[in-house]
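# Working through the structure, step by step
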Amino acid sequence: MSVDSLMSRLNPLVNFILHSPVHWLLSPGLMLITVTGRRTGRQYTIPVGYQRDGDTVVVIVSRARTKSWWRNYRERSLIELRLRGASLRGWAELVPPRSEEFRIHAERTLRRVPGMARVFKVAFDRRTGLSQAQQEELGHEIAVVRITLNED
């Protein structure tokens with residue numbers, strides 16, 4: 001069974017936990033996003049890993065070619081989140097893979113979780129950081145979605 005298949009089977013359990021009073025078990029690294037399909041208008045909720053810095057939440061989508069939800073954010077669009085037990089809304093937007101912002105978020109993830117280099121299929125050296133060639137490779141393997149939270 002592939003990792004993606006296993007995660008898909010666990011999604012309902014993760015969804016339940018993140019909506020429950022014991023959300024704190026998973027909330028430090030996982031949140032729920034509710035995505036509305038551009039063409040279908042259908043909504044679906046999925047768990048994703050995240051990094052938060054103030055009113056900005058960043059989601060790194062590994063194996064991006066096999067997932068489609070992030071494509072809804074090539075243009076800035078509304079998104080709903082379940083973050084640390086709170087229901088929030090924000091504006092999500094895809095970060096261009098050749099941008100400095102993309103490099104910063106990818107590198108931050110690789111420094112925080114070194115094992116992600118294997119998942120991202122890149123030979124990352126913490127001392128030198130990402131090279132331009134590695135960033136270009138990553139642009140084919142991952143997507144970076146930046147969410148700016150609304151102040152409701």
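As a starting point, this report considers the structure included with it. Keep in mind that this is a model prediction, so the values were computed, not measured.

## A short note on the overall build of the protein
Helix and strand content of the protein: 4 helices and 7 strands. Compactness check: the protein gives a C-alpha radius of gyration of 15 Å against a globular reference of 15 Å for 152 residues, within 12% of the reference. The principal-axis extents of the C-alpha atoms in the protein amount to approximately 40 × 30 × 30 Å. Looking at the protein residue by residue over its 152 residues, the buried ones come to 40%. Total accessible area computed for the protein in this model is approximately 9100 Å², and 53% of it derives from carbon and sulfur atoms. Between the centroid of the 24 positive side chains of the protein and the centroid of its 15 negative side chains there is a distance of 7 Å.

## Considerations on the sheet that holds strand β4 (residues 56-61)
Strand order across the open sheet formed by 7 strands is β2-β1-β5-β6-β7-β4-β3, with antiparallel pairing between neighbours. Since the sheet does not close on itself, it has two edges, and those belong to β2 (43-49) and β3 (51-53), each with one partner. On average, each strand axis in the sheet is inclined to that of its neighbour by 35°, with strand direction left out of account. Here strand β1 (residues 30-36) pairs with β2 via 7 bridges, running antiparallel. Looking across to β2, one finds that Val-35 is bridged to Tyr-44.

## Quick notes on the side chain of Thr-34
Positionally, Thr-34 belongs in strand β1. At 2.9 Å, the side chain of Thr-34 forms a polar contact with the side chain of Thr-45. Beyond its immediate sequence surroundings of up to four residues, Thr-34 is in contact with Gln-43, Tyr-44, Thr-45, Tyr-73, Ile-79 and Glu-80.

## Considering unusual backbone geometry
Positive phi, normally seen in glycine, also occurs at Arg-63, with a value near 50°. Positionally, Arg-63 belongs in the loop between β4 and β5 (77-83). In this structure, Lys-121 is a non-glycine residue whose phi angle is positive, near 60°. As for its position among the elements, Lys-121 is in the loop between α3 (116-120) and α4 (132-141).

## Structural notes on the environment of Phe-16
Assignment of secondary structure puts Phe-16 in helix α1 (residues 3-18). A relative accessible area of 60% places Phe-16 in the exposed class. The spacing of Phe-16 and Val-57 is 41 residues in sequence and 22 Å in space, taken between C-alpha atoms.

The rules behind the values
- The residue count restarts for each chain, going from 1 along the sequence in the order it is written.
- pLDDT decides what is reported in this predicted model: residues at 70 or higher carry local features, side-chain atom pairs at 80 or more are listed and counted, and totals for whole chains, interfaces and linings draw on all residues regardless.
- To obtain the side-chain values, all non-hydrogen atoms of the structure were included, while hydrogens and water were left out.
- Counting from the N terminus, the helices are DSSP H or I runs at least four residues long and the strands are E runs at least two residues long.
- All radius of gyration figures rest on C-alpha atoms, and the globule criterion is 2.2 Å times the number of residues raised to 0.38.
- To sort residues, take the accessible area from a 1.4 Å probe on protein chains only and compare it with the maximum for the residue type: under 20% means buried, over 50% means exposed, and anything in between is partly exposed.
- Shrake-Rupley sampling with a 1.4 Å probe provides the accessible areas, and residues are treated as covered by the protein chains on show and by no other component.
- Charged residues are defined here as Lys and Arg on the positive side and Asp and Glu on the negative side; His and the ends of the chain fall outside this count.
- Each charge is placed at NZ for Lys, CZ for Arg, CG for Asp and CD for Glu.
- Paired strands, as defined in this entry, are two strands with at least two bridges between them according to DSSP.
- Only the stretch in contact is used when fitting a helix axis, every axis being a line fitted to C-alpha atoms; angles between N-to-C directions are given from 0 to 180 degrees.
- In protein, a polar contact requires one atom able to donate a hydrogen and another able to accept it; more generally it is a pair of N or O atoms within 3.5 Å, and residues adjacent in sequence count only if both atoms are side-chain atoms.
- Two residues form a contact once any of their heavy atoms are found within 4.5 Å.

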